[in-house]
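# Geometric and topological summary
What follows is each chain in one-letter form.
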Amino acid sequence: MCGIVGYLGTQNAYDILIKGLHRLEYRGYDSAGVALVDNNGQLNVYKTKGKVSNLEDYCKDKNINGTVGIAHTRWATHGEPSDKNAHPHYSQSKNIALIHNGIIENYLSLKTFLSSKGYVFKSDTDTEVLVQLIEYMMNEHDLPLYEAVYQALTQVTGAYAIGVIEKNNPNELITARIASPLIIGVGKDEFFLGSDASPIVEYTKDVIYPEDRQVIRIVRGKEIEIRSLDNKSLIKPEVKQIQLSLEDIEKGGFEHFMLKEIFEQPKSLSLCMNGRLQREQKEIILSGIQNYGERFAKARRILISACGTSWHAGLIGKYLFETLCRIPVDVEVASEFRYRNPVIYPDDVLIAISQSGETADTLAAMELAKKQGAFIYGICNVVGSSVARLTDSGTYTHAGPEIGVASTKAFTTQVCILAMTALAVAKQMETISTEDYKRIVTELCNIEEKIETILSKTEEVKEISKIFTYARNFLYLGRGFNYPVAMEGALKLKEISYIHAEGYPAAEMKHGPIALIDEEMPIVVVAPRYQMYNKILSNVVEVKSRKGKILAIVTEGDTDIKRLADYVIEIPQTEECLSPLLTVIPLQLLSYYIAIAKGRDVDQQRNLAKSVTVE
Ligand code: M6R
């Protein structure tokens with residue numbers, strides 16, 4: 001959802017800003033822009049519709065000098081993707097330029113007010129209102145830039161991370177945040193802004209994570225000045241070290257981030273389980289559960305709230321907690337949960353799941369449950385994100401940065417955390433026998449190796465994918481733990497290949513979707529050999545009788561479904577409750593190769609952005 005970058009220092013800002021935009025492009029890519037103050041006191045803004053590479057072309061014959069600048073890559077909310085709606089936005093006099101990630105909720109009333117004062121708006125965005133308001137504050141109250149930004153922000157409601165520069169002030173860069181991510185990199189005589197650490201890590205590991213409601217003034221040759229938006233008190237900057245390396249955010253020889261991240265899953269699961277899964281002792285130690293296990297044990301109910309892929313992981317969480325812990329679980333899409341006045345008890349535990357930790361609806365669901373006294377447990381990848389800050393306790397997935405817009409390693413690490421959490425709680429509550437516990441934990445120890453086995457069949461999946469590129473619709477079927485996997489497989493396919501796909505509980509097929517089946521229709525059946533195997537076998541027969549084309553994901557050595565299916569991908573045997581960690585891998589690969597065969601832009605699909613920070 002929009003990426004912001006900023007630089008103030010001794011180097012030419014343009015190159016650093018453009019490189020930063022490329023690294024943040026996963027956040028939005030419908031337009032991009034840059035603003036620079038050059039050595040002659042000119043404030044130049046260049047912006048274009050389309051990707052960052054368009055901006056680079058556009059800037060080829062432009063004056064790109066300057067050691068201070070801001071830049072933006074956009075995912076449109078207010079105003080369609082266009083040159084005029086791209087950021088940075090100028091103020092009326094063109095003395096100030098501003099970039100913004102977030103949403104100004106009261107922009108209409110501010111716009112009416114500013115229009116009455118003679119301000120003319122050139123874009124359809126909410127953001128332009130803020131830069132005009134800053135100029136109004138400067139002119140009306142004779143304030144310097146920092147004071148004007150501060151005063152303007154006291155009038156604004158919404159979410160934002162902003163960067164502001166001024167024509168007459170090439171030594172100053174102002175930034176602030178509420179509910180949108182912002183990191184400040186501190187180098188030698190230079191400072192960097194980023195929506196995440198990726199534009200910064202190449203230059204410095206020293207960073208400041210501004211808190212919500214802080215306004216920050218960066219002045220060349222001086223210490224950073226941070227003030228609270230509430231009472232203007234001075235806050236001492238706390239410099240931390242980022243753990244990220246350049247390798248983590250580059251493609252590392254893969255054609256796309258999505259493919260890199262699919263192949264990273266054995267490693268990301270290892271990192272996820274590191275220090276938590278005690279391989280020798282066959283034990284799981286989760287500090288969140290050690291400290292707050294009682295809260296789970298006494299829970300009247302667990303609520304799980306999330307969006308998209310994280311919601312699918314949550315659906316698997318329901319099977320895990322109900323099976324292993326015998327605690328009732330409701331799984332809720334966060335956007336529905338937050339608005340339907342749900343019944344929440346103070347002895348509920350709400351598990352919020354989010355890769356980015358920024359998803360607006362998930363955050364709102366957490367706030368709602370928190371207000372009503374529920375205990376909030378977070379499962380999240382991005383350290384220090386808003387989700388992480390809002391929880392009472394939780395566990396990071398430690399999947400490493402996920403840059404491909406389609407979630408892959410985020411899903412498997414979320415399911416892994418849910419499985420470890422359910423096992424740890426079940427052990428504490430004694431709802432699982434020691435024998436079952438040890439057996440499942442032993443299987444967790446083998447899971448990375450089994451994923452490697454599936455990844456070694458990539459060529460097989462690639463061949464099968466070629467057969468299916470003609471299809472305009474797909475049906476994905478699964479049962480039990482693998483019904484959410486069917487939904488996840490369908491989501492992966494539709495978001496990157498633009499083929500319509502639906503994920504269904506296999507038996508539900510007879511209540512409608514079966515009408516769609518003909519010889520044109522591919523049906524992906526997730527059918528590893530567990531207790532529901534015979535039932536799903538019958539579903540496969542039903543599909544076959546209607547001439548559907550069947551691709552089945554089956555357990556190694558299966559012969560029954562093999563006889564019926566047109567194509568088969570085998571996965572190693574594992575515990576049923578862990579099987580989603582394996583069954584999802586061929587589905588990720590299938591969607592990737594179908595999208596490639598159709599010539600789609602796999603990492604940057606149309607209309608999508610990595611994190612959805614507006615509702
Ligand atoms: O960052 P989050 O996990 O909160 O994001 C939620 C969804 O937007 C996300 O899972 C989305 O569905 C996936 N990127 C799809 O692959």
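Close to the ligand lie 13 residues, the nearest being Ser310, Ser354, Ser356, Thr359 and Glu495. Between Ser354 and the ligand, the recorded distance is 2.6 Å, taken from a side-chain N or O atom to an oxygen atom. At 2.7 Å from an oxygen atom of the ligand is found a main-chain nitrogen or oxygen belonging to Gln355. Summarising the interface, the protein chains cover 91% of the accessible area of the ligand, which totals 410 Å² for the free molecule. Take the shell around the ligand: its biggest share by element is three residues, from helix 9 (residues 308-325).

Right, let's talk about the domain arrangement of the chain for a bit. When its domains are assigned, the chain resolves into domain 1 (3-248), domain 2 (252-445) and domain 3 (454-615). Of note, the centres of domain 1 and domain 3, computed from C-alpha atoms alone, are 43 Å apart. On the side of domain 3, 10 residues touch domain 1, which itself brings nine residues to the contact. Counting each side, the surface lost to burial between domain 1 and domain 3 is near 900 Å², with a carbon and sulfur contribution of 52%. There are one salt bridge connecting domain 1 and domain 3. Across the pair Asp601 and Lys51 runs a salt bridge, and its minimum N-O distance is 2.4 Å. Applying the counting rule to domain 1 against domain 3 returns one residue pair in polar contact (both at pLDDT 80 or more). Looking at side-chain class alone, the side of domain 1 that touches domain 3 contains four nonpolar, two polar and three charged residues.

Moving on: the sheet that holds strand 9 (residues 183-186). Read from one edge of the open sheet, eight strands run 3-2-4-1-10-9-11-15, paired in antiparallel fashion. Of all the strands in the sheet, just strand 3 (43-49) and strand 15 (240-241) have a single pairing partner and so form its edges. Of the pairings in the sheet, the one linking strand 2 (residues 31-37) to strand 4 (residues 68-74) comprises seven bridges and is antiparallel in character. Across the sheet, Gly33 pairs through a bridge with His72, a residue of strand 4. Across the sheet, helix 1 (residues 13-24) lies against strand 1 (3-8), strand 2, strand 4 and strand 10 (191-194), angled at about 160° from strand 1, the strand it touches most.

Note that soluble globular proteins tend to have their nonpolar side chains buried in a common cluster. Ile284, Phe321, Ile351, Leu444, Phe474 and Tyr476 are the most contacted members of the largest nonpolar core, which totals 90 residues. Leave out the neighbours within four places in its chain, and Leu444 touches Met273, Leu277, Ile284, Cys416, Met420, Leu423, Leu578 and Leu581. If you look at the next biggest cluster of nonpolar residues, it comprises 32 residues, including Tyr107, Ala148, Ile162 and Ile174.

Most of strand 26 (residues 549-555) is tucked away, with six of its seven residues classed as buried. Where strand 25 (residues 522-526) and strand 26 come together, five bridges link them in parallel fashion. The partner of Val526 across the bridge, within strand 26, is Ile553. In this structure, strand 26 lies alongside strand 27 (residues 567-571), joined through five bridges in parallel fashion. Looking at the pairing, Ile553 lines up with Ile569 of strand 27.

Here we come to the sheet that holds strand 5 (residues 89-90). The seven strands are arranged 5-6-7-8-12-13-14 in an open sheet whose pairing can be described as antiparallel. Each end of this open sheet is capped by a strand with a single partner; those strands are strand 5 and strand 14 (234-235). Where strand 5 lies against strand 6 (residues 96-104), two bridges are found, and the strand directions are antiparallel. Counterpart to Tyr90 in the pairing with strand 6 is Ala97. The strands that helix 4 (residues 127-141) touches are strand 5, strand 6 and strand 7 (158-166); relative to strand 6, the one it contacts most, it runs at about 130°.

We now examine the packing of helix 7 (residues 265-273) against helix 13 (residues 409-429). At a minimum axis distance of 10 Å, the contact between helix 7 and helix 13 shows a crossing angle of 35°. Between helix 7 and helix 13 lies a crossing whose hand is right-handed. Contacts from Gln265, Ser268, Leu269, Cys272 and Met273 of helix 7 reach helix 13 at Lys409, Thr412, Thr413, Cys416, Ile417 and Met420. When the residues that make up the contact of helix 7 with helix 13 are grouped by side-chain class, the tally is six nonpolar, four polar and one charged.

In contact at an axis separation of 9 Å, helix 16 (residues 458-467) and helix 20 (residues 580-597) are set at 50° when each is read in the N-to-C sense. The orientation of helix 16 with respect to helix 20, classified from their angle, is oblique. Between helix 16 and helix 20 lies a crossing of right-handed hand. Contacts between helix 16 and helix 20 involve Thr458, Val461, Lys462, Ile464 and Ser465 on the former and, on the latter, Pro586, Leu589, Leu590, Tyr593 and Ile594. For the contact of helix 16 with helix 20, the residue count by class is seven nonpolar, two polar and one charged.

The full count for this structure, using the stated rule, is 41 salt bridges. Among the salt bridges present, the one from Asp361 reaches Arg338, with a minimum N-O distance of 2.6 Å. A residue pair is termed long-range when its members are at least 10 positions apart, and Asp361 in helix 11 (residues 360-371) and Arg338 in the loop between helix 10 (334-337) and strand 20 (348-354) qualify at 23 residues. The exposure class of Asp361 is buried, given its relative accessible area of 11%. For the salt bridge of Glu488 with Lys492, the shortest nitrogen-to-oxygen distance reads 2.6 Å. With Glu488 and Lys492 both in helix 17 (residues 483-497) and four residues apart, the pair spans about one turn of that helix.

Now for the packing of aromatic side chains. Considering all chains together, one arrives at 13 aromatic pairs under this definition. Pairing Phe296 with Tyr377 gives two aromatic rings, centres 5.2 Å apart and planes at 85°, and the pair type is edge-to-face. Remark: Tyr377 occurs in strand 21 (residues 375-380) and Phe296 occurs in helix 8 (residues 287-297); sequence separation between them is 81 residues. For Tyr377, a relative accessible area of 0% translates into the label buried. Between Tyr319 and Phe481 the ring centres are 5.4 Å apart and the planes differ by 45°, which places this aromatic pair in the tilted class. With Tyr319 in helix 9 and Phe481 in the loop between strand 23 (473-478) and helix 17, the pair connects residues that are 162 residues apart, well separated along the chain.

Here strand 23 lies mainly inside the structure; five of its six residues are buried. Where strand 23 and strand 24 (residues 500-505) come together, six bridges link them in parallel fashion. Among the inter-strand pairings, Tyr476 is bridged to a residue of strand 24, identified as Gly503. Each parallel crossover has a hand, and the one from strand 23 via helix 17 to strand 24 is right-handed. Of the strand pairs in this sheet, strand 23 and strand 25 are connected by four bridges, and their pairing is parallel. In the strand pairing of strand 25, Leu477 is matched with Val525.

Calculation criteria
Residues numbered from 1 in each chain as written. Predicted model: local features only at pLDDT ≥ 70, side-chain atom pairs only at ≥ 80, totals over all residues. Heavy atoms only, no water. Near = heavy atom within 4 Å. Polar contact = N/O pair within 3.5 Å; in protein donor to acceptor, adjacent residues only side chain to side chain. Areas by Shrake-Rupley, 256 points an atom, 1.4 Å probe, with all protein chains shown as cover. Helix = DSSP H or I, 4+ residues; strand = E, 2+ residues; numbered from the N terminus. Domains from an automatic or database assignment. Contact = heavy atoms within 4.5 Å. Buried area = accessible area lost by both parts, 1.4 Å probe. Salt bridge = Lys/Arg side-chain N within 4 Å of Asp/Glu carboxyl O. Nonpolar A, V, L, I, M, F, W, Y, C, P; charged D, E, K, R; others polar. Pairing = 2+ DSSP bridges. Axes fitted to C-alpha atoms, helices over the stretch in contact; angles between N-to-C directions. Core = buried A, V, L, I, M, F, W, Y, C linked by side-chain atoms within 4.5 Å. Buried < 20%, exposed > 50% of the residue type's maximum accessible area, 1.4 Å probe, protein only. Left-handed = near helix turned anticlockwise from the far one by under 90°. Parallel < 35°, antiparallel > 145°, perpendicular 65-115°, else oblique. Phe/Tyr/Trp six-rings, centres within 6.5 Å; stacked < 30°, edge-to-face > 60°. Right-handed = clockwise from strand over helix to strand, strands pointing away.

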